Protein chains: 2
Amino acid sequence: MSAVANGPGPEVFDVVVIGAGPAGEVVAGRAAEAGLSVAVVERERVGGECSYWGCIPSKTLLRPGDVIAAARRVPGAASAVTGEIDTPAAFARRDEMVGGYSDEGAVPWLLDRGVTLVRGRGRLAGPLRVDVDTADAIQPDAGTPAGTTRRLAARKAVVLATGTKAFMPPIPGLADVEPWDNRSATGATLVPRRLVVLGGGAVGTELAQGFRRLGTAEVTIIEGQPRLLAREEPFAGDEVGAAFEAEGIAVRTGCRVTAVRRGDDGAAPGPASSERRRPPVVVTLDNGDELTADEILVAVGRRPATEDLGLETVGLTPGRPVTVDSSLRAVGATPATGGSGEADGDGWLYAIGDVNGRALLTHMGKYQGRLVADLVAGRRDAAGAVPVEVAGERLIPRVTFTDPQVAAVGLTEQAAREAGLPVRAVSVPTSGVAGSSVRGVGLVGTSQLVVDEERRVLVGATFTGQDVQELLHSATIAIVGEVPLERLWHAVPSFPTVSEVWLRLLETYGL
Amino acid sequence: MSAVANGPGPEVFDVVVIGAGPAGEVVAGRAAEAGLSVAVVERERVGGECSYWGCIPSKTLLRPGDVIAAARRVPGAASAVTGEIDTPAAFARRDEMVGGYSDEGAVPWLLDRGVTLVRGRGRLAGPLRVDVDTADAIQPDAGTPAGTTRRLAARKAVVLATGTKAFMPPIPGLADVEPWDNRSATGATLVPRRLVVLGGGAVGTELAQGFRRLGTAEVTIIEGQPRLLAREEPFAGDEVGAAFEAEGIAVRTGCRVTAVRRGDDGAAPGPASSERRRPPVVVTLDNGDELTADEILVAVGRRPATEDLGLETVGLTPGRPVTVDSSLRAVGATPATGGSGEADGDGWLYAIGDVNGRALLTHMGKYQGRLVADLVAGRRDAAGAVPVEVAGERLIPRVTFTDPQVAAVGLTEQAAREAGLPVRAVSVPTSGVAGSSVRGVGLVGTSQLVVDEERRVLVGATFTGQDVQELLHSATIAIVGEVPLERLWHAVPSFPTVSEVWLRLLETYGL
């Protein structure tokens, strides 16, 4: 299976993948399982941003606060909970979940499938060619002299899966204060006494609440949009904002930061757990207000990791997302005519996961990885059909793991209307069913379906509330399966689960 | 809308419902919303067994132990939990959830819809006739002299919704010891020191674990089948049994009770919380072993509440479930020819909920109630079709709220094979996904799909594990919607949710 050409020529594989994050791992592993020879190039750690500095550590850090909040809502359990999170234990669990920041636990999955792991910085070097600068590897390969360039060639396809990096907005002084990004925040070993969070999207809201519950005394979120989680249904951001205010997180929406500096506020030193080694950060807002904090976390978006990827060697523009078609093929790449001849000349270059800018979510990157592996391997489904992307930009499931959570799939009501769909939205309180009452007191949230009135199928759904994360997949299946409303009516939710919101929603719709 | 005939004739309604439990409430309310005049007869409390002595109190009593167990699995939260449940607070919450055993909170929902509530024991008195013995009402109507009989007549339909009662097996001595049934157990105000539970089905397992976690020192479950939850997939009962043993609940499967008596075991009196007012119960097993306990809970099944329902006046047999067809019509009832003429002669009598013996679950009773209301009201769906029962005996969702939970829908693998379906089952560990790891350590469980290989659709699914209750509805929608496997493949579960077991299951299947 593995094909290596020593000597002057490149090492040749069927598929070369650049980036071994979730998307790259999946496409490499699945292509290898289909019998292709595959190399995957990784400069940092197999597992990628998600595993070490994204979902895994952030959700792990959120979980203690979440489960303690859940217990405090239950009469009979509340008094058994002190509410004091053991922060060192939470950090230790985070360290365990990220494998001590080593990819030792992640590599065998690739190797077991016969994938060749090439450590170093991969750059395109023309159609079907990838050069790997091994000097740039965080962890060099055993046996590969550091500083050499390994030249790889692909017979069938090159797949870009380099992901994104935190975007740093050009705010005067921001770079100078060495702000936190998702990496510093999820990797924290101390809890700052005061934290300012720039950005009220999923990353900003989750980490703001996470640190508040781990012990940060003052947390302020600054968001330019009128509400948190501005891309979701308006009620979602409103509910999260209200919950945040109630637990002492200041939410400043509709305002912007104009300047940031390190200064001295004359405040007393923080407690041991926030051991201040640097002067405080002073944040100036567009209304003139100044906020002082020990750390500032920047969570205002991501930029694609395409600046140093050799895109210019195949006619594409560095520093931008790689635009793809519905087969995840890079649009506008130099054809591979004259190449090995096995690849489809116009379709040798794929981009999956965050790097294509379509859906910056691990599960969508993995989905795209599965699709591309099947496309490149020539797989057909039971009916003989070529794999086609079904869960495209209109069908993205997503969960923000705040308390309350926000779980949504498909289009919001507004997005559906903007897309010209004849929709009607119905909503009910998530806490209005018996299944919510048995889970405790004071639960909140809203459940909403967006119905295409002509086709009588769902095009969107949002569930907010405590522990709604697993409700989402029911809506994802209903939407992807295009199950008609009349049929959904016969999908009986068990009593007393929170899923009975489905019943209330369909009744409210008029069924 | 409401039609009352005073004087010598009966009070006439379009629909007369006997029993105002969940099924009866739903059929009455929905028929009234459709413009029909409806009377509902209730001897006890509006809301029925489920609301006062079933799911609501049992799940409420289970919740404190469940959420504390969840917190103890989370590093960072575990040390904030003492593990001591505040039993009086748990009982107080139970009392609140059952409305203090008053139906004051449940009645307005009916009255707001114009339903006439008739309190008393309803008995059929021939086709389309119901006599109500008001002397037998737990709570007489204001203005109705106790002891009178109210005669009701239905123009269109009579709906039986009287539910079930606990079945007491004919074990020598059992009745004499005044055993607990679901009512005494869910209504307990003290925690027995030692409890024997007869029956390892959903009710028995839930209450056994519930009392163990509320403080019962010794709990023993006795089940005649080789495993707990014998109607579910074998792994379900095995996993629940293992978890029970690990938390000190003795599980005696494959054995039977031959005799029960009250005796004196010479044991020291129990602690204050189990204040013994009666001598202990001694249970003899078929292998000669004797168990001593302070209470014995009988949870070996239900019998239909049809003994005193006047079934003999319409040609049916008292004491047995009312057999129904797929329109929920009683099979074999005396036709109503010569009646008011509006009813379908052969189809005036319906039976919904537990009383028809099809699916002893609140949500299925409510589903049947919706169907019958629509049938009687002549409702048609958007395509003009008459309502048809889709979620019949092969498609029942069910959740056992033990820890680990057991959530299942459709057919087990064995049931599917016995039905002659060409199935293949695939299973994965529920705890094998990242979404499980972020929820804590030591989670268990199995997720399984049963696939019809010819139709390439699901016919069954089971999820065991912690907090899997909301995963079930995704499978219910997939099965009811008959979503092909190839399409399910595109329903992407969010990362990191436990719903990612769907991905692992479909990969294991070969997709």
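Keep in mind that this is a model prediction, so the values were computed, not measured.

**As for the overall build of chain A**
Now for step 1: Scanning chain A for helices and strands turns up 14 helices and 21 strands.
Now for step 2: Taken against the 2.2 N^0.38 rule, which gives 24 Å for 511 residues, the C-alpha radius of gyration of chain A at 24 Å falls within 12% of a compact globule.
Now for step 3: For the C-alpha atoms alone, the extent of chain A along its principal axes is close to 70 × 65 × 45 Å.
Now for step 4: Relative to its full complement of 511 residues, chain A shows a buried share of 59%.
Now for step 5: Long-range pairs, those at least 24 residues apart, make up 65% of the contacts in chain A between residues at least 6 apart in sequence.
Now for step 6: Carbon and sulfur atoms form 49% of the exposed surface of chain A, whose accessible area is close to 18,400 Å².
Now for step 7: Seen as two clouds, the 51 positive and the 63 negative side-chain charges of chain A have centres 1 Å apart.

**Topic: the relation of the copies chain A and chain B**
Now for step 1: Relative to chain B, chain A is turned by 180° and slid 0.0 Å along the rotation axis, the superposed coordinates differing by an RMSD of 0.0 Å. The two molecules are tied by a two-fold rotation axis, judged by turn and shift. Considering only C-alpha atoms, the residue of chain A closest to the rotation axis is Ser 474 of chain A, which sits at 1.8 Å.
Now for step 2: Of the residues that chain A buries at the interface, 100% are likewise interface residues in chain B, meaning the two copies contact each other through the same surface.

**Observations concerning the interface of chain A and chain B**
Now for step 1: Taken together, the contact between chain A and chain B spans 88 residues of the former and 88 residues of the latter.
Now for step 2: Counting the surface lost from both chain A and chain B, the interface buries some 7,100 Å², and carbon and sulfur atoms represent 63% of this.
Now for step 3: Looking at the side of chain A facing chain B, the largest losses of area belong to Glu 470, Val 492 and Phe 495 of chain A, adding up to 10% of the total buried there.
Now for step 4: Among the ionic pairs, Lys 366 of chain A bridges to Glu 500 of chain B, the shortest N-O distance being 2.8 Å.
Now for step 5: Counting the contacts that link chain A with chain B gives 30 residue pairs in polar contact (both at pLDDT 80 or more).
Now for step 6: Every element with two or more residues in the side of chain A that touches chain B is listed here: α3 (55–72), α4 (87–97), α9 (362–377), β17 (398–400), α11 (434–437), α12 (472–480), α13 (485–488) and α14 (501–509) of chain A.
Now for step 7: Looking at which element gives the most residues to the side of chain A that touches chain B, the answer is α3 of chain A, with ten residues.

**Description of the pattern of salt bridges**
Pairing between side chains of opposite charge can happen when their charged atoms approach one another.
Now for step 1: Counted according to the given criterion, the structure contains 71 salt bridges over all chains.
Now for step 2: Here Glu 44 of chain A and Arg 183 of chain A are joined by a salt bridge, their closest N and O atoms 2.8 Å apart. Taken together, the residues span a long stretch of sequence, with Glu 44 of chain A in the loop between β2 (38–42) and α2 (48–53) and Arg 183 of chain A in helix α6 (residues 182–186) at a distance of 139 residues.
Now for step 3: What makes Glu 44 of chain A buried here is its relative accessible area of 18%.
Now for step 4: Exposure remark for Arg 183 of chain A: the relative accessible area of 25% places this residue in the partly exposed category.
Now for step 5: Across the pair Arg 487 of chain B and Glu 482 of chain A runs a salt bridge, and its minimum N-O distance is 3.7 Å. Residue Arg 487 of chain B is located in helix α13 (residues 485–488), and its partner Glu 482 of chain A is located in the loop between α12 and α13; the two belong to separate chains.

**Considerations on the side chain of Ser 37 of chain A**
Now for step 1: Inspection of the secondary structure puts Ser 37 of chain A in the loop between α1 (22–33) and β2.
Now for step 2: A polar contact of 2.8 Å, which involves the side chain of Ser 37 of chain A, links it to the backbone nitrogen of Asp 14 of chain A.

**As for empty space enclosed by the protein**
Now for step 1: According to the stated counting rule, one finds 16 cavities of 30 Å³ or more in the structure shown.
Now for step 2: Its boundaries defined by the atoms lining it, the largest cavity holds a volume of some 140 Å³.
Now for step 3: Lining the largest cavity we find 15 residues, and of these Ala 70, Arg 73, Arg 439 and Asp 467 of chain A together with Arg 63 of chain B sit closest to its centre.
Now for step 4: Listing elements by their share of the lining of the largest cavity, those giving two or more residues are α3 of chain A together with α3 (55–72) of chain B.

**Digging into the sheet that holds strand β9 (residues 218–223) of chain B**
All names here are of chain B.
Now for step 1: With parallel pairing, four strands are arranged side by side in an open sheet as β10-β9-β8-β14. The open sheet terminates on both sides in strands that have one partner only, identified here as β10 (249–253) and β14 (295–298). The mean inter-strand angle of the sheet, taken between neighbouring strand axes irrespective of direction, is 15°.
Now for step 2: The pairing of strand β8 (residues 194–198) with β14 spans four bridges and is classified as parallel. Bridge assignment links Val 197 to a residue of β14, and that residue is Leu 297.
Now for step 3: Strand contacts of helix α8 (residues 234–246): β9 and β10, with the helix running at about 140° to β10, the strand carrying the most contacts.

**Points about the UniProt feature "domain: Pyridine nucleotide-disulphide oxidoreductase dimerisation" (unreviewed entry) in chain A**
Now for step 1: Those places that UniProt annotates as "domain: Pyridine nucleotide-disulphide oxidoreductase dimerisation" (unreviewed entry) correspond, in this numbering, to residues 396–502 of chain A.
Now for step 2: Span residues 396–502 of chain A is 23% helix and 30% strand, its end C-alpha atoms 20 Å apart.

**Quick look at the sheet that holds strand β13 (residues 290–293) of chain A**
Residues and elements named next belong to chain A.
Now for step 1: Pairing is antiparallel across the open sheet formed by three strands, whose spatial order is β11-β12-β13. Unpaired on one side and paired on the other, β11 (257–262) and β13 mark the two borders of the sheet. Strand-to-strand twist across the sheet, computed as the mean angle between neighbouring axes with direction ignored, equals 20°.
Now for step 2: With five bridges joining them, β11 and strand β12 (residues 281–285) adopt antiparallel strand pairing. Within β12, the residue paired with Ala 259 across the bridge is Thr 284.

**Focus on the side chain of Thr 446 of chain A**
Now for step 1: Following the sequence through the fold, Thr 446 of chain A ends up in strand β20 (residues 446–452).
Now for step 2: Discounting residues that sit within four places of it in the chain, Thr 446 of chain A has contacts with Phe 235, Glu 239, Ser 427, Val 428, Pro 429, Thr 430, Thr 462, Phe 463 and Thr 464 of chain A.

**Quick look at the packing of aromatic side chains**
Geometry of an aromatic ring pair is reported as the spacing of the ring centres plus the angle between the planes.
Now for step 1: On inspection of all chains with the given rule, the structure shows six aromatic pairs over all chains.
Now for step 2: When the ring of Tyr 52 of chain A is compared with that of Trp 53 of chain A, the centres are 5.6 Å apart and the planes differ by 55°; the resulting orientation is tilted.
Now for step 3: We classify Tyr 52 of chain A as buried; its relative accessible area is 3%.
Now for step 4: The interplanar angle of 45° and the centroid separation of 5.3 Å between the aromatic rings of Trp 180 of chain B and Phe 211 of chain B together place this pair among those described as tilted. Of this pair, Trp 180 of chain B sits in the loop between β7 (164–166) and α6 (182–186) while Phe 211 of chain B sits in helix α7 (residues 202–214), and the two are 31 residues apart along the sequence. Phe 211 of chain B shares its class with Trp 180 of chain B; the two are buried.
Now for step 5: Directly above the aromatic system of Trp 489 of chain B lies the positively charged group of Arg 370 of chain A, at a separation of 4.9 Å from the ring centroid.
Now for step 6: Positioned above the aromatic ring of Tyr 509 of chain B, the side-chain terminus of Arg 424 of chain B is 4.3 Å from the ring centre.

Rules used throughout
- Residues numbered from 1 in each chain as written.
- Chains lettered and ligands numbered in written order.
- Predicted model: local features only at pLDDT ≥ 70, side-chain atom pairs only at ≥ 80, totals over all residues.
- Heavy atoms only, no water.
- Helix = DSSP H or I, 4+ residues; strand = E, 2+ residues; numbered from the N terminus.
- Rg over C-alpha atoms; globule rule 2.2 N^0.38 Å.
- Buried < 20%, exposed > 50% of the residue type's maximum accessible area, 1.4 Å probe, protein only.
- Contact = heavy atoms within 4.5 Å.
- Areas by Shrake-Rupley, 256 points an atom, 1.4 Å probe, with all protein chains shown as cover.
- Lys, Arg positive; Asp, Glu negative; His and termini not counted.
- Charge placed at Lys NZ, Arg CZ, Asp CG, Glu CD.
- Least-squares fit on C-alpha atoms with pLDDT ≥ 70 in both.
- Buried area = accessible area lost by both parts, 1.4 Å probe.
- Salt bridge = Lys/Arg side-chain N within 4 Å of Asp/Glu carboxyl O.
- Polar contact = N/O pair within 3.5 Å; in protein donor to acceptor, adjacent residues only side chain to side chain.
- 1 Å grid on protein atoms, 1.4 Å probe; cavity = no way out; pocket = protein on both sides within 12 Å on 5 of 7 lines; lining within 4 Å.
- Points joined across faces, edges and corners; volume = space filled by probe spheres on them.
- Pairing = 2+ DSSP bridges.
- Axes fitted to C-alpha atoms, helices over the stretch in contact; angles between N-to-C directions.
- UniProt positions renumbered as here; feature names shortened; annotations may be inferred.
- Phe/Tyr/Trp six-rings, centres within 6.5 Å; stacked < 30°, edge-to-face > 60°.
- Lys NZ or Arg CZ within 6 Å of the ring centre and 35° of its normal.

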